[in-house]
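Single-letter residue listing:
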Amino acid sequence: MAETKCLAVVGSGQMGSGIAQLGAMHGLHVWLLDTDPVALSRASKAISSSLQRFVSKGQLSQAASTDALRRLQFTSNLEELRSADFIIEAIIESEDVKKTLFLELDKIAKSSAILASNTSSISITRLASTTSRPRQVIGMHFMNPPPIMKLVEIVRGADTSDETFHATKALAERFGKTLICSQDYSGFIVNRILMPMINEAFFTLYTGVATKEDIDTGMKLGTNHPMGPLELADFIGLDVCLSIMKVLNTGLGDSKYAPCPLLVQYVDAGRIGRKCGIGVYDYRRLPASKKSSPRL
């Protein structure tokens, strides 16, 4: 399989825009697609700001930042992705929505293109089954935020070929990432361990064992975590946490993965974390200097 020269990323949220930025920073021509023009405009500004932070810290030259921006193109037209060698899906964590997208991508993408998903929990085998190229479908799960976090979790579906795996591995290494490989089981490695911990933190709050502040402080100082589990849940998005817990509960068939009722209630109330201003914590009155996303 030829070297990846043109990367396409579908979904311009925090994950998608971060992956697109990585590709552009490492010399690839990058298409970033979203059906929402407002979201694309927001992503463009976020990428520019992120690149400038790299420049200000001396981690990137101004010329390299300018070149990266020149390699980025934004579109709402799926047809533009026909030239992509490698397409990464980074949309909502919904299996049905992802399957619909993979069906469309399979029709549009050139025959040699690899279709990857940034899913953090959903079966790659089932996503691949909607396409005519299951050997060229793989999981490529970046951590948030992608330009900063060093880990990429690679997940092979039942039919993923060695060629596809090696091309994906080469791309991740080009981005300077450390790789771990998971079998195609619900939650893979990271979220199979992380999400039950977050869910248990919600149960600890729900049953009145401790306050949210004491739960987070306990885990930060007691286990040397950079963020407490409830603060981390707000950063990830409580809606995302709930979706992953539902995948674990259904996929593994064990009641210990049932989402905490408090987590469900917060999501039902629209309290989904930092991205909306309120989750477990209220961020709406924070000064601008403290509203920026924390680094994991």
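Computed from a predicted model, the values in this text were never measured in an experiment.

Peer 1: Which parts of the structure should I look at to understand the side chain of Asn 199?
Peer 2: Here Asn 199 shows up in helix α7 (residues 190–206). What Asn 199 contacts, discounting residues up to four positions off in sequence, is Met 245, Ala 258, Pro 259, Cys 260 and Leu 263.

Peer 1: Just checking my understanding: could you explain the pattern of salt bridges for this structure?
Peer 2: Pairing between side chains of opposite charge can happen when their charged atoms approach one another. Under the defined criterion, the tally for this structure stands at 16 salt bridges. Between Asp 282 and Arg 284 there is a salt bridge, with the nearest N and O atoms lying 2.7 Å from each other. Note on Asp 282: relative accessible area 33%, which makes it partly exposed. Counted as one network, the salt bridges with shared partners bring together Glu 89, Glu 93 and Lys 98.

Peer 1: Help me out: how do you make sense of the packing of aromatic side chains in this one?
Peer 2: For any pair of aromatic rings, geometry is given as the distance between the ring centres together with the angle between the planes. Summed over all chains, the structure comprises three aromatic pairs. A centroid spacing of 6.2 Å and a plane angle of 85° characterise the contact between Phe 202 and Tyr 266, whose relative ring orientation is edge-to-face. With Phe 202 in helix α7 and Tyr 266 in helix α11 (residues 261–268), this residue pair connects regions lying 64 residues apart in the sequence. Across this residue pair, the class does not change: Phe 202 and Tyr 266 are buried. The ring of Tyr 266 has Arg 271 sitting right over it, with the charged end atom 4.6 Å from the ring centre.

Peer 1: Please explain the pairing of strand β1 (residues 6–10) as it appears in this structure.
Peer 2: Across the five residues of β1, five count as buried, placing the element largely inside the fold. Burial along β1 is two-sided: the face carrying Cys 6, Ala 8 and Val 10 and the face carrying Leu 7 and Val 9 are both buried. Where β1 meets strand β2 (residues 29–33), five bridges bridge the pair, whose relative direction is parallel. Note that in β2 the partner of Cys 6 across the bridge is His 29. Chirality of the crossover, the property in question, places the unit of β1, helix α1 (residues 14–25) and β2 among those that are right-handed. In this structure, β1 lies alongside strand β4 (residues 86–89), joined through four bridges in parallel fashion. Bridge pairing links Ala 8 to Ile 87 in β4.

Peer 1: Just checking my understanding: could you explain the domain arrangement of the protein for this structure?
Peer 2: Interface extent is often summarised as the accessible area lost during association of the parts. Domains assigned within the protein are domain 1 (6–183) and domain 2 (192–276). Here the C-alpha centroids of domain 1 and domain 2 sit 27 Å apart. Contacts between the two partners involve seven residues from domain 1, matched on the other side by four residues from domain 2. Summing both partners gives a buried area of about 450 Å² for domain 1 against domain 2, and 66% of it is carried by carbon and sulfur. Contact with domain 2 buries area across many residues of domain 1, yet Glu 93, Ser 121 and Asn 144 alone supply 65% of it, more than any other trio. Between the two partners, domain 1 and domain 2, sit zero salt bridges. On the surface where domain 1 and domain 2 come into contact, there are zero residue pairs in polar contact (both at pLDDT 80 or more). Each residue belonging to the side of domain 1 that touches domain 2 can be placed in one class, and the counts come to two nonpolar, four polar and one charged.

Peer 1: Is there a simple way to explain the UniProt feature "site: Important for catalytic activity" (unreviewed entry) in the protein in this structure?
Peer 2: Those places that UniProt annotates as "site: Important for catalytic activity" (unreviewed entry) correspond, in this numbering, to His 141. On the secondary structure map, His 141 appears in strand β6 (residues 137–142). A relative accessible area of 7% places His 141 in the buried class. Apart from residues lying up to four places away in sequence, His 141 is in contact with Ser 117, Asn 118, Thr 119, Ser 120, Leu 151, Val 152, Glu 153 and Asn 191.

Peer 1: Which parts of the structure should I look at to understand the sheet that holds β1?
Peer 2: Across a sheet, strands are paired by hydrogen bonds formed along the backbone, either parallel or antiparallel in direction. The strand order across the open sheet built from eight strands is β3-β2-β1-β4-β5-β6-β7-β8, with neighbouring strands paired in mixed fashion. Strands at the two margins of the open sheet, each flanked by one partner only, are β3 (72–75) and β8 (178–182). The sheet shows a mean angle of 25° between the axes of neighbouring strands, taken without regard to direction. Where β2 lies against β3, four bridges are found, and the strand directions are parallel.

Peer 1: Sorry, what's going on with the nonpolar core here?
Peer 2: Taken as a class, soluble globular proteins show a tendency for nonpolar side chains to be buried jointly. By size, the foremost hydrophobic cluster in this structure holds 35 residues, and its most contacted members are Leu 7, Phe 86, Ile 88, Met 140 and Phe 142. Excluding residues within four positions of it along the chain, Leu 7 makes contact with Ile 19, Gly 23, Leu 28, His 29, Val 30, Trp 31, Phe 86, Ile 88, Leu 171 and Phe 175. Ile 198, Leu 238, Cys 241 and Leu 242 belong to the second largest nonpolar core, which has 28 residues in total.

Rules used in this analysis
Residues numbered from 1 in each chain as written. Predicted model: local features only at pLDDT ≥ 70, side-chain atom pairs only at ≥ 80, totals over all residues. Heavy atoms only, no water. Helix = DSSP H or I, 4+ residues; strand = E, 2+ residues; numbered from the N terminus. Contact = heavy atoms within 4.5 Å. Salt bridge = Lys/Arg side-chain N within 4 Å of Asp/Glu carboxyl O. Buried < 20%, exposed > 50% of the residue type's maximum accessible area, 1.4 Å probe, protein only. Phe/Tyr/Trp six-rings, centres within 6.5 Å; stacked < 30°, edge-to-face > 60°. Lys NZ or Arg CZ within 6 Å of the ring centre and 35° of its normal. Pairing = 2+ DSSP bridges. Right-handed = clockwise from strand over helix to strand, strands pointing away. Domains from an automatic or database assignment. Buried area = accessible area lost by both parts, 1.4 Å probe. Polar contact = N/O pair within 3.5 Å; in protein donor to acceptor, adjacent residues only side chain to side chain. Nonpolar A, V, L, I, M, F, W, Y, C, P; charged D, E, K, R; others polar. UniProt positions renumbered as here; feature names shortened; annotations may be inferred. Axes fitted to C-alpha atoms, helices over the stretch in contact; angles between N-to-C directions. Core = buried A, V, L, I, M, F, W, Y, C linked by side-chain atoms within 4.5 Å.

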